[in-house]
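# An overview of the molecular structure
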Amino acid sequence: MAYFNEFWELMDQDQLKEVQLEKFQKQARRMYDNAFYKRRFEETGVTPEDIKNWDDIKKVPFTHKDDLRENYPLGLLIGDWKDVVRIHMTSGTTGTPTPMVYTQNDVDVWTECMARNFVAGGLTKNDIVQQAHGLGLFTGGLGFHYGLERVGAKVIPTSSGGTDRQLRLMQEWGTTVFTGTPSYAAYVAEVAREKGIDPERDLKLRLGFHGGEPVSDELRKRIDERIGYKAHGGGMRTCYGLTEMGGPIGMDCENTSGIHLWGDHFLVEVLDPKTLEDVQAGKAGELVITNLSFEAMPILRFRTGDRVIVSFDRCECGRTHPRITSFLGRVDDMLLVSGTNVFPSQVEYVLLQHPRMSENWQLVVGDKKGLHTLKVEVEPVQGAEIDHVFIERLEKELYSHLEITCRVDVKPIGTLPRFEGKAVRVRDERV
Ligand SMILES: [Zn+2]
């Protein structure tokens, strides 16, 4: 088992907790100089000096996504503006963007986390990597790029898209590692076959580091098989990240027994979203993260809105840091349909249990005489036989998972959209 930074990755958990408390106290003191955070602290009657032990962390106010938007662009800056070397933000297509700014220290910390992730996932200096997360305002592309280079791998910064060229480069350079969204990996595998390229025979891909959208175990299995990772002795690793914490920060190790998050840089809590108390070990709750190391725009106790199960036990790989063992849905992705919460990931889970169904699907929310309707459009795989008995069975399974009626509409192969970045799984046609 290889490690990028053995000292930190294998640190004794009690020792790690001490480091976390010390770093948390320091961040809280720094943040008290910021008008927004000072007001927040004052509203709850807590000062940074009140944080004396581990339990005191629970007294510290949360930060929400809206806080970042409302203070756009620099209201939450803690560090000195003159030290800022990088600015990222979300696309802002649904309103004000969420900003994140970095000092050189912050870029270095982020790069270190990504380098640890890649080595944990099996990357070596000998690997040739096509980095197909989009390069730009989005944090994914550069976060990946810097981490890959830090390990010493040979990076081809293709960015996303240009699928023909991606495939050509894979053949010409003997690319061994591919990154990008899981849906893009699935699409590249599909185009390869259309062009008569057999990924097992004609490509050398052995590892995929894929993030930017939730992925079910079933989709991961399919990608492993279709793009050749499994045949070449490797597999897909899932990445977790969010702009508010700097970008992509966690990844599966080679055991794929959960996404490792680095406790010396991020304090992880899993809370019941109603009581805001810690959930019991092994139970699902909302992921709350504190950025312990960033200088420019660190965030305390950020409510991610992500429903997860986290294991705080030591992983078989030896790493002592927390792991997201199940990702149950992102609140941003949740749909409210006739008063029922629907996560598109639940639909994918049901569909991909069936080998006859492809990973090309879309959920359509409609409106009929004031009542919401739900329909999933899905393409079958090549040669699959679909009859009404099968469709009825699928509809029943969807109902038992979603607790709401969802019609199934099987579309001809090649008619649903394909994606080079994050897949758009929902078409909301409600007026
Ligand atoms: Zn591990």
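Residues numbered from 1 in each chain as written. Predicted model: local features only at pLDDT ≥ 70, side-chain atom pairs only at ≥ 80, totals over all residues.

With that settled, consider the domain arrangement of the protein chain. If you check the domain split of the protein chain, you get domain 1 (1-329) and domain 2 (335-428). Opposite the 16 residues of domain 1 that make contact, domain 2 presents 13 residues. When contributions to the side of domain 1 that touches domain 2 are tallied by element, the ones reaching two or more residues are helix H8 (182-194) and helix H10 (217-226). Tallied by class, the residues present in the side of domain 1 that touches domain 2 amount to 5 nonpolar, 8 polar and 3 charged. (Domains from an automatic or database assignment. Contact = placed C-beta atoms within 7 Å. Helix = DSSP H or I, 4+ residues; strand = E, 2+ residues; numbered from the N terminus. Nonpolar A, V, L, I, M, F, W, Y, C, P; charged D, E, K, R; others polar.)

So, on to H10. For H10, the set of buried residues is Leu 219, Arg 220, Arg 222, Ile 223 and Arg 226. When H10 is viewed along its axis, its buried side chains cluster within an angular range of 160° and face the same direction. Looking at the buried positions of H10, the neighbouring elements they touch are H8, helix H9 (199-202), strand S6 (207-210), strand S7 (235-242), helix H11 (344-351) and strand S16 (357-368). The first or second residue beyond H10 is Gly 228, which carries a positive phi of 95°. (Buried ≥ 20, exposed ≤ 12 C-beta atoms within 10 Å, placed from the backbone. Arc of directions from axis to C-beta.)

Time to look at the sheet that holds strand S5 (residues 177-180). In spatial order, the strands read S4-S3-S5-S6-S7-S8-S9-S13-S12-S11-S10; together these 11 strands make up an open sheet with mixed pairing. Edge positions in the open sheet fall to strand S4 (154-156) and strand S10 (266-271), since each of these has one partner strand only. As judged from the 2 bridges shared by strand S9 (residues 259-260) and strand S13 (residues 323-330), these two strands associate in the antiparallel manner. Bridge assignment links His 260 to a residue of S13, and that residue is Arg 323. Across the sheet, helix H7 (residues 163-173) lies against strand S3 (128-131) and S4, angled at about 170° from S3, the strand it touches most. (Pairing = 2+ DSSP bridges. Axes fitted to C-alpha atoms, helices over the stretch in contact; angles between N-to-C directions.)

The subject of this paragraph is the packing of H11 against helix H12 (residues 388-402). Viewed as axis vectors pointing N to C, H11 and H12 meet at an angle of 145°, and their least axial separation amounts to 10 Å. In this structure, the crossing between H11 and H12 has a hand that is right-handed. Contacts between H11 and H12 involve Gln 346, Val 347 and Val 350 from the former and Glu 397, Leu 398, His 401 and Leu 402 from the latter. Looking at side-chain class alone, the contact of H11 with H12 contains 4 nonpolar, 2 polar and 1 charged residues. (Left-handed = near helix turned anticlockwise from the far one by under 90°.)

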